[in-house]
Amino acid sequence: MELPLETTEHAIPEVKYEYLDHTADVQLHAWGETLKEAFEQCGMAMFGYMTELSSVSINKCFQITTEPTDDLENLLYRFLDELLFLFSAEPFLICKKLVITKFDLEEFTIDCNCYGEEFDLQKHPQGTEVKAITYSAMKIYQQPEHDKNEVFVIIDI
């Protein structure tokens with residue numbers, strides 16, 4: 001669902017992710033002070049693998065909502081899958097910023113505002129196509145006492 005874009009400047013969060021080599025695929029490693037931030041960063045890592053995020057402007061905002069599930073790993077999978085669908089279906093949105101507005105760990109659902117623009121090969125360098133999200137070697141580490149939460153996800157490229 002497309003949302004009206006606020007007129008205020010949107011600060012882009014610090015990058016807290018990296019790409020790890022994996023046989024025939026790539027592993028996303030993201031982290032944050034909260035688990036919510038780690039999930040946002042993981043989504044940004046996926047978009048960053050598809051194009052150079054510095055080339056993306058913020059002129060649209062779409063909201064995604066995940067269906068309720070039964071565990072954290074499935075929630076992360078569904079979140080990334082919804083983001084991948086946003087990129088794969090019209091208007092082919094590439095996101096520069098993700099803001100999770102609802103992070104419900106009782107019903108395991110997420111609402112997220114996705115800020116970016118339509119992907120355009122004339123403007124955005126084509127990175128690697130992400131075919132699917134996988135559960136393979138998915139790991140979620142919660143360490144709230146150290147303000148460090150990490151997620152590891154392998155994406156099929």
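Structure: above.
First, a word on scope: everything that follows refers to the structure included in this document.

Each value, and the rule that gives it
- Residues numbered from 1 in each chain as written.
- Predicted model: local features only at pLDDT ≥ 70, side-chain atom pairs only at ≥ 80, totals over all residues.
- Heavy atoms only, no water.
- Helix = DSSP H or I, 4+ residues; strand = E, 2+ residues; numbered from the N terminus.
- Expected span 1.5 Å × (residues − 1).
- Buried < 20%, exposed > 50% of the residue type's maximum accessible area, 1.4 Å probe, protein only.
- Contact = heavy atoms within 4.5 Å.
- Pairing = 2+ DSSP bridges.
- Axes fitted to C-alpha atoms, helices over the stretch in contact; angles between N-to-C directions.

**Focus on helix α1 (residues 35–50)**
Helical geometry note: an α-helix holds 3.6 residues per turn, so side chains three or four residues apart project in the same direction.
In step 1: Helix length check: α1 (16 residues) gives 23 Å between terminal C-alpha atoms against 22 Å at 1.5 Å per residue, within 8%.
In step 2: Counting buried residues in α1 gives 13 out of 16 residues, a clear majority hidden from the surface.

**Points about the side chain of asparagine 74**
In step 1: Examined against the element boundaries, asparagine 74 turns out to sit in helix α2 (residues 72–88).
In step 2: Look at asparagine 74 and you get buried, because its relative accessible area is 13%.
In step 3: Apart from the residues lying within four places of it in its own chain, the contact partners of asparagine 74 are Thr69 and Tyr135.

**Quick word on the sheet that holds strand β1 (residues 2–3)**
In step 1: In spatial order, the strands read β1-β4-β6-β5; together these four strands make up an open sheet with antiparallel pairing. Because the sheet does not close on itself, it has two edges, and the strands there are β1 and β5 (93–104).
In step 2: The pairing of β1 with strand β4 (residues 60–65) spans two bridges and is antiparallel. Its bridge partner lying in β4, glutamate 2 is registered against phenylalanine 62.
In step 3: Against the sheet, α1 contacts β5 and β6 (109–118), and its axis sits at roughly 160° relative to β5.
In step 4: Strands β4, β5 and β6 of the sheet are contacted by α2, whose axis makes an angle of about 145° with β5.

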